[in-house]
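Here's the letter readout for the chains.
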Amino acid sequence: EAQLVESGGGLVQPGGSLRLSCAASGFTFSSYAMNWVRQAPGKGLEWVSAITSDGVTNYADSVKGRFTISRDNTKNTMYLQMNALKPEDTAIYYCNGVRMGRAYWGQGTQVTVSS
């Protein structure tokens, strides 16, 4: 059974950092493009960042220069390093894997940026 499990969320002060992880199992992780998507309280889903199976990355303008996406195919894990966090980054962060019309989602991890 395919599974994605996020971890690393928590409460952090503005300007702080967090590193999210997304551990994959049950499918060929290295062949999948991976995304981070977030949902702020009372809002819809917002795409944050993507990394292709070849390691090409892309970012939403709102996080560019502050967040870094990466993956380790030997560990079947994707990461999101988040620096200079702002209150507006508060959201549930989901990881998503996509390939040839098939998509998998994790259960999400809460990130709260507050003083």
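Just above, that's the structure.
These figures come from a predicted structure and were not determined experimentally.

(A) Spatial organisation of the overall build of the chain. A count of helices and strands for the chain gives 0 helices and 11 strands. Here the chain has a C-alpha radius of gyration of 13 Å; the compact-globule value for 115 residues is 13 Å, and the two agree. The burial tally for the chain puts 43% of its 115 residues in the buried class. Relative to all contacts within the chain whose residues are 6 or more apart in sequence, the contacts with residues 24 or more apart total 53%. Of the accessible surface of the chain, which amounts to about 6000 Å², a share of 48% is contributed by carbon and sulfur atoms. Across the chain, the centroid of the 10 positively charged side chains sits 2 Å from that of the 8 negatively charged ones.

(B) How the structure looks around the state of the cysteines. Evaluation of the coordinates by the stated rule reveals 1 disulfide. A disulfide bridge connects Cys22 with Cys95, and the sulfur atoms are separated by 2.1 Å. Of note, the bridge from Cys22 to Cys95 carries an S-S torsion of about 65° and is right-handed in sense. Of this pair, Cys22 sits in strand 3 (residues 18-25) while Cys95 sits in strand 9 (residues 91-99), and the two are 73 residues apart along the sequence. With respect to burial, Cys22 and Cys95 carry one shared label: buried.

(C) Quick peek at the nonpolar core. In this structure, Trp36, Met78, Leu80, Met82 and Tyr93 are the most contacted members of the largest nonpolar core, which totals 29 residues. Looking at which element gives the most residues to this core, the answer is strand 3, with 4 residues. Contacts of Leu80, omitting those with residues within four sequence positions, involve Leu18, Arg19, Leu20, Trp36, Val48, Ser49, Phe67, Thr68, Ile69 and Tyr93.

(D) Representation of the packing of aromatic side chains within the structure. What the rule picks out here adds up to 4 aromatic pairs. The interplanar angle of 65° and the centroid separation of 4.8 Å between the aromatic rings of Phe27 and Tyr32 together place this pair among those described as edge-to-face. Taken individually, Phe27 and Tyr32 each receive the classification buried, so the pair is uniform in this respect. Cluster of aromatic residues (ring-pair linked, three or more members): Phe27, Tyr32 and Tyr104. In this structure, Arg19 is placed above the aromatic ring of Tyr79, and the distance from its NZ or CZ to the ring centre is 4.0 Å. Of note, Arg71 hangs over the ring of Phe29, and the distance from its end group to the ring centre comes to 4.5 Å.

(E) Inspection of the environment of Gly65 at higher detail. Within the element layout of this structure, Gly65 appears in the loop between strand 6 (57-59) and strand 7 (67-72). Put simply, Gly65 and Ala24 are 41 residues apart on the chain and 26 Å apart in space, counted from C-alpha to C-alpha.

(F) The arrangement of the sheet that holds strand 1 (residues 3-7) in detail. Taken together, 4 strands build an open sheet; the order of strands is 1-3-8-7 and the sheet is antiparallel. At either margin of the open sheet sits one strand with a lone partner, and together these are strand 1 and strand 7. The sheet shows a mean angle of 15° between the axes of neighbouring strands, direction not considered. As paired strands, strand 1 and strand 3 are joined by 5 bridges and run antiparallel to one another. Counted as the bridge partner of Gln3 is Ser25 from strand 3.

About the thresholds
- Residues numbered from 1 in each chain as written.
- Predicted model: local features only at pLDDT ≥ 70, side-chain atom pairs only at ≥ 80, totals over all residues.
- Heavy atoms only, no water.
- Helix = DSSP H or I, 4+ residues; strand = E, 2+ residues; numbered from the N terminus.
- Rg over C-alpha atoms; globule rule 2.2 N^0.38 Å.
- Buried < 20%, exposed > 50% of the residue type's maximum accessible area, 1.4 Å probe, protein only.
- Contact = heavy atoms within 4.5 Å.
- Areas by Shrake-Rupley, 256 points an atom, 1.4 Å probe, with all protein chains shown as cover.
- Lys, Arg positive; Asp, Glu negative; His and termini not counted.
- Charge placed at Lys NZ, Arg CZ, Asp CG, Glu CD.
- Disulfide = S-S within 2.5 Å.
- Core = buried A, V, L, I, M, F, W, Y, C linked by side-chain atoms within 4.5 Å.
- Phe/Tyr/Trp six-rings, centres within 6.5 Å; stacked < 30°, edge-to-face > 60°.
- Lys NZ or Arg CZ within 6 Å of the ring centre and 35° of its normal.
- Pairing = 2+ DSSP bridges.
- Axes fitted to C-alpha atoms, helices over the stretch in contact; angles between N-to-C directions.

Fair warning: the whole summary comes from geometry, so function is off the table for now.
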